[in-house]
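In case you want the letters, here they are:
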Amino acid sequence: MFGTVILDVYSPDETKELADAIDDLFCPNDGYGWASAGIYSFWDYITHEVLYIGLASDLAVRFKQHNGLLSMPEEGCKYAYIQEYFNSHDKLGYTMFVQSPL
């Protein structure tokens, strides 16, 4: 499972559902599936332009922070940018580059 790439797209009303799926697949307390740490990116659903690339020690927590499901200071979060994006777009692309928990 080294170097698995997972792609998805979501709308504002699907944010919690995707956050729950990420939390389930990348739980730091599990020794199976994928590691909770990884590289992630947000991208434009229509043009496929990469809008942001980040590194997270816990993909589920970071996704929730960026999407306003967990609070954090504005300067370290993309929540405002994501909300602005959704003002003119129906869906946002999200990709994770993940690896084995071993």
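Please refer to the structure placed before this passage.
Residues numbered from 1 in each chain as written. Predicted model: local features only at pLDDT ≥ 70, side-chain atom pairs only at ≥ 80, totals over all residues. Heavy atoms only, no water.

For the structure on display, the rule yields 9 aromatic pairs. Between the aromatic rings of Phe42 and Phe63, the centroid separation amounts to 6.5 Å while the plane-to-plane angle is 25 degrees, which identifies the pairing as stacked. Of this pair, Phe42 sits in strand β2 (residues 38-44) while Phe63 sits in helix α2 (residues 59-66), placing them 21 residues apart in sequence. Take Phe63: its relative accessible area is 1%, and that puts it in the buried class. (Phe/Tyr/Trp six-rings, centres within 6.5 Å; stacked < 30°, edge-to-face > 60°. Helix = DSSP H or I, 4+ residues; strand = E, 2+ residues; numbered from the N terminus. Buried < 20%, exposed > 50% of the residue type's maximum accessible area, 1.4 Å probe, protein only.)

Okay, unusual backbone geometry next. A negative phi angle is the norm for most residues apart from glycine, just as the trans form is the norm for most peptide bonds. Positive phi is not limited to glycine here, since His48 has a value of about 65 degrees. Structurally, His48 is set in the loop between β2 and β3 (50-56). By relative accessible area, which is 54% here, His48 ends up exposed.

Judged by pairing direction, the sheet is antiparallel, and its 4 strands sit side by side in the order β1-β4-β2-β3 without closing on themselves. Of all the strands in the sheet, just β1 (4-10) and β3 have a single pairing partner and so form its edges. Across the sheet, the mean angle separating the axes of adjacent strands is 20 degrees when strand polarity is ignored. Set on the sheet, α2 makes contact with β1, β2, β3 and β4 (92-98); between it and β2 the angle comes to about 30 degrees. (Pairing = 2+ DSSP bridges. Axes fitted to C-alpha atoms, helices over the stretch in contact; angles between N-to-C directions. Contact = heavy atoms within 4.5 Å.)

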